[in-house]
Amino acid sequence: MSNQSVQTVSTSNDKIKVALAVVAAIAGVVGFFYLKGQGKPALMCAGALVAGLLFAVLLLWTSASGRDFLNFAKEAVRETKKVVWPTRKEATQITGIVFAFVFVMALFLWGTDQVLQYVLYDLILGWK
């Protein structure tokens, strides 16, 4: 048996659908700003934006690559919900450790710079 993965080749119809979805999304954004510039109500501007984006999503949903992308986005949201965020105490402790480390490294680098400056300019070159 073979363990080779099979990739689906998107048809030209799928490519056209994706291109039309991109055009619809751009048209929604352009329509929003055009209507906003004309002084139209905010609800009408938002409606144009939502209509363009909704039409783009519907077009994407009918293509194979669009369904794959939307399924990936759903899975990403699902995985994000699984993240365990640190408590306030843990976040404060970690932040304190980072600040302490940065302070120690700054002192170390300043000290190293001073030693190298003394050795190079005073001992080797005799400039000071």
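Residues numbered from 1 in each chain as written. Predicted model: local features only at pLDDT ≥ 70, side-chain atom pairs only at ≥ 80, totals over all residues. Heavy atoms only, no water.

This part covers helix H2 (residues 42-61). Here H2 spans 28 Å end to end across 20 residues, near enough to the 28 Å set by a 1.5 Å rise per residue. Those residues of H2 that sit buried are Cys45, Gly52, Ala56, Leu59 and Leu60. One side of H2 holds all its buried residues, which, seen down the axis, span an arc of 110°. Opposite the buried face of H2, by more than 90 degrees, sit the exposed residues Leu43, Val50, Leu54 and Leu58. (Helix = DSSP H or I, 4+ residues; strand = E, 2+ residues; numbered from the N terminus. Expected span 1.5 Å × (residues − 1). Buried < 20%, exposed > 50% of the residue type's maximum accessible area, 1.4 Å probe, protein only. Arc of directions from axis to C-beta.)

A few words now on the environment of alanine 64. With respect to the helices and strands, alanine 64 occurs in helix H3 (residues 64-80). A relative accessible area of 27% places alanine 64 in the partly exposed class. Sequence separation of alanine 64 and threonine 11 is 53 residues, and the distance between their C-alpha atoms is 8.9 Å.

Another point: a nonpolar patch on the surface. Residues Val115, Tyr118, Val119, Leu120, Tyr121, Leu123, Ile124, Leu125 and Trp127 make up a contiguous nonpolar surface patch of about 910 Å² in total accessible area. Along the polypeptide, tyrosine 118 turns up in helix H4 (residues 88-125). Its relative accessible area of 46% is what places tyrosine 118 among the partly exposed residues. (Patch = residues over 30% accessible without salt bridge, like charges linked within 9 Å, V, L, I, M, F, W, Y side chains within 5 Å. Areas by Shrake-Rupley, 256 points an atom, 1.4 Å probe, with all protein chains shown as cover. Salt bridge = Lys/Arg side-chain N within 4 Å of Asp/Glu carboxyl O.)

Turning our eyes to something else, we now look at the packing of aromatic side chains. With the rule as written, the count across this model stands at 2 aromatic pairs. Relative to tryptophan 127, the ring of tyrosine 121 has its centre 5.5 Å away and its plane inclined at 20°; by these criteria the two rings are stacked. Classification of tyrosine 121 by relative accessible area gives partly exposed; the value is 31%. (Phe/Tyr/Trp six-rings, centres within 6.5 Å; stacked < 30°, edge-to-face > 60°.)

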